[in-house]
Amino acid sequence: MRKLQVRKTSPCALAILATLVAILLCGSAPMHAQNTARQIPIPLPPMGWSSWNSFSNTIDSQITQKQAKAMISTGMSKVGYQYVNIDEGWWLGQRHEDGSFVVDPNAWPALAPGEKAGDMSNIVRYIHSLGLKAGIYTDAGESGCSMYPDLGPVYMHTGSEGHYEQDFLQFAKWGFDYVKVDWCGGDKENLSAAVQYAEIARAIALAEAKTGHHLYYSICNWGKQSPWTWAPNVGGVAADIWRTSGDIVAPIVANSKNADRKASFPGMLSNFDQGIHPEAEHTGFYNDPDMMVIGMPGLTDTQNRVHFSLWAISGAPLLVGADLTTLSEATLATLTNPEVIAIDQDALGLQSVKVAESGAGLEVWSKPLSKPGERAVLLLNRTAEAKAISFLSHDIGLLDSSPATVRDPWAHKDLEPFTGSDSANVPAGDAVLLVIRGAEPKPTVYKPTRGAELKANHPVEFTHVASAARVPRVQIAYMNPDKATRFVELRVNGGTATKVAFPPTGASSLATVTVESPFEKTGANNELNFSASCDSGLGIQSIAVE
Ligand code: GLA
């Protein structure tokens, strides 16, 4: 294997290597066959539980321990659930003179000999001892959502503004693995979300550098200021999620004044709709339509199944909001179906796109999966009557002339294969989820019209790019010989840029990442522009467009 000499001059300047890569990629050597490159592993949507929906501001150590234990005893951890996330209510807004959090010793006592009450690392240790991961919560503003309490008194100053470095360092020191950052204060103060969340990302990076402990970043500003346009890679994060809407339902806490609240099916559908931004969901960055309300009062078992199907085809974070100690058998079966979870956790990391609508409210959604020719297809009937929903093979990017296999992931059953078109009867307000595998047309491979290796002010450009799909998959073959992931701005047809992550490939091999690009308006004349603000050492060899 050929070894290239890497000289590190700045985080993104690899001058010698860049020249070599340019020779390798732009010279007269024949192109590598597109399909020999491997899809590089990327971070997948997080899975876990969050305290807010069922416990509101009453969250404490005892509740957290019980939920963590239930994540194990229900078998949920075996199918991938791992985060136990403590939401608002853990902190009442007071700080010591040095600015550090005052933590209530009664709510967060010592749990093992030698521990001190009022130290959040106690609960983290407990969660870790079960093989799970721990999440914590704050607000980007000065006062957090406790200024509008759901239960209990008003607490002001429950935000991290003015203390970003100190607070995120503390979270990392306590050992937390995940942090959700809300927007009540930021919203009230009319702050710029892109600016604040970038600053927080930098505080997290500093904390990680100081402690060696990674904090997964969950942005929660409810879709305000269009986070899908700035949240991927904000402040340099390698992976994150961002909320795309408000809460599906306010907390439903047993034996409280809010015990009679109900989650609603239309509310859940509305969050699903607001969460669809496929152009931003790629390479480890995910739209977050909110914690799931499956297993909470309000939805039937059928509606819970539709809810989970929708989150799975969205590639949404799978964060359960229900009380894990009281899940019914049906709910648990829904939350732990491995074939449906596999759709959510697919290695391509892409989102579903609506590809057909055979009548008002009769929708066909398709999520490309990593096996060639495989799609998760959801037939969603939003009307009040049972209806047949049909689709053509080419609606989901498959050849009309080739047979396709069909799997029902809920029933773990193979169904009749079809050629050209398929349909299913879907009851009112229900959905049919299918995994379909067929033959896909060979993608069209484009070489750059300009550039190949990314340098400051020297973008790599592809022009006259065509696709029959509205939002086609674009597989990018690249080489990143550096040790770090590179982030590059991709602009389609001069629109808003999205930052795409290019993990290291090694010095002499190609890999691919895949994005979905909005082509809807321009037919065969699309332009894709990759740019970096400094020399990146990254070579983009070609794109393959569906
Ligand atoms: C907001 C968020 C919720 C939850 C609450 C806590 O409403 O969207 O998910 O964190 O704040 O107050």
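It should be noted that the structure appears before, not after, this text.
Computed from a predicted structure; not experimentally measured. (Residues numbered from 1 in each chain as written. Predicted model: local features only at pLDDT ≥ 70, side-chain atom pairs only at ≥ 80, totals over all residues. Heavy atoms only, no water.)

1. Remarks on the sheet that holds strand β4 (residues 133–139)
Phase 1 of the analysis: If you trace the 8 strands from one edge of the open sheet to the other, you get β8-β7-β6-β5-β4-β3-β2-β9, paired in parallel fashion. Strand pairing shows two members of the sheet lacking a second neighbour, β8 (285–288) and β9 (318–320), which therefore form its edges. Direction aside, the axes of adjacent strands within the sheet are offset by 25° on average.
Phase 2 of the analysis: Pairing analysis gives 5 bridges linking β4 to strand β5 (residues 178–182), with the strands arranged parallel. The residue of β5 that forms the bridge with Asp139 is Asp182.
Phase 3 of the analysis: Taken strand by strand, helix α4 (residues 121–129) contacts β3 (83–85) and β4, and its axis lies near 145° from that of β4.
Phase 4 of the analysis: Its contacts with the sheet place helix α7 (residues 193–211) against β5 and β6 (216–219), and it is angled at close to 165° to β6. (Pairing = 2+ DSSP bridges. Helix = DSSP H or I, 4+ residues; strand = E, 2+ residues; numbered from the N terminus. Axes fitted to C-alpha atoms, helices over the stretch in contact; angles between N-to-C directions. Contact = heavy atoms within 4.5 Å.)

2. Structural notes on the site of the ligand
Phase 1 of the analysis: The ligand sits among Trp52, Asp87, Glu88, Tyr137, Cys145, Lys180, Asp182, Cys220, Trp222, Arg243, Asp247 and Met291.
Phase 2 of the analysis: Glu88 is positioned such that a nitrogen or oxygen atom in its side chain is 2.2 Å from an oxygen atom of the ligand.
Phase 3 of the analysis: For the ligand, the accessible surface in isolation is 310 Å², of which the surrounding protein chains cover 92%.
Phase 4 of the analysis: Here the residues of the shell around the ligand are counted per class, giving 6 nonpolar, no polar and 6 charged. (Near = heavy atom within 4 Å. Polar contact = N/O pair within 3.5 Å; in protein donor to acceptor, adjacent residues only side chain to side chain. Areas by Shrake-Rupley, 256 points an atom, 1.4 Å probe, with all protein chains shown as cover. Nonpolar A, V, L, I, M, F, W, Y, C, P; charged D, E, K, R; others polar.)

3. Points about the sheet that holds strand β10 (residues 353–359)
What links the strands of a sheet is backbone hydrogen bonding, and the strands pair in either a parallel or an antiparallel sense.
Phase 1 of the analysis: Reading across the sheet, the 6 strands line up as β10-β11-β12-β17-β14-β15 and stay open at both edges, with antiparallel pairing between neighbours. The sheet is open, and its two borders are formed by β10 and β15 (413–419), each paired with just one other strand. Ignoring which end each strand starts from, the neighbouring axes of this sheet average 25° apart.
Phase 2 of the analysis: Alignment of strand β12 (residues 374–381) against strand β17 (residues 431–437), held across 7 bridges, turns out to be antiparallel. For Glu374, the partnering residue across the bridge sits in β17 and is Arg437.
Phase 3 of the analysis: Across the sheet, helix α9 (residues 301–314) lies against β11 (362–368), β12 and β17, angled at about 140° from β12, the strand it touches most.

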